[in-house]
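These are the residues of each chain, in order.
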Amino acid sequence: MDAFTAGILQRIQNTEQDLHRAIEAGDDFLAEVEQSELDDLRRLAAEHGIDPVRESHRSAA
């Protein structure tokens, strides 16, 4: 896995965690911000042929 792919996947994972924390805290504004960031990261990954679900399963194996 190259550095770009690893970086995007790490940022997606971090943002997903931040989103869950915002939801659990009841912070609707922060949850919207994190969801928007997550959408952007997933779009960027897709534009570069990166499937975060497939890649995370691959790295776990």
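Rules of the game
- Residues numbered from 1 in each chain as written.
- Predicted model: local features only at pLDDT ≥ 70, side-chain atom pairs only at ≥ 80, totals over all residues.
- Heavy atoms only, no water.
- Helix = DSSP H or I, 4+ residues; strand = E, 2+ residues; numbered from the N terminus.
- Expected span 1.5 Å × (residues − 1).
- Buried < 20%, exposed > 50% of the residue type's maximum accessible area, 1.4 Å probe, protein only.
- Arc of directions from axis to C-beta.
- Contact = heavy atoms within 4.5 Å.
- Patch = residues over 30% accessible without salt bridge, like charges linked within 9 Å, V, L, I, M, F, W, Y side chains within 5 Å.
- Areas by Shrake-Rupley, 256 points an atom, 1.4 Å probe, with all protein chains shown as cover.
- Salt bridge = Lys/Arg side-chain N within 4 Å of Asp/Glu carboxyl O.

Draft legend 1. A look at helix α2 (residues 28–47). Between its first and last C-alpha, α2 extends 28 Å over 20 residues, near the 28 Å set by a 1.5 Å rise per residue. Turning to α2, its buried residues number three or more, namely Ala31, Glu34, Leu38, Leu41 and Ala45. One side of α2 carries all its buried residues, which in axial view fall inside an arc of 90°. Exposed and facing more than 90 degrees away from the buried side of α2 are Asp28, Phe29, Glu32, Ala46 and Glu47.

Draft legend 2. Layout of the side chain of Thr15. With respect to the secondary-structure elements, Thr15 resides in helix α1 (residues 3–25). Classification of Thr15 as buried rests on a relative accessible area of 7%. Those residues in contact with Thr15 that sit more than four places away from it in its chain are Glu34, Glu37, Leu38 and Leu41.

Draft legend 3. Representation of a nonpolar patch on the surface in the model. A grouping of Phe29, Leu30 and Val33 is seen on the molecular surface, where their side chains present a nonpolar patch of about 280 Å² in accessible area. With respect to the helices, strands and loops of the structure, Val33 is situated in helix α2.

Draft legend 4. Molecular detail of the side chain of Glu34. Of note, Glu34 is situated in helix α2. Ignoring any residue separated from it by four or fewer positions in sequence, one finds Glu34 in contact with Thr15, Asp18 and Leu19.

Note that all results are geometric; they support no functional claim without further evidence.
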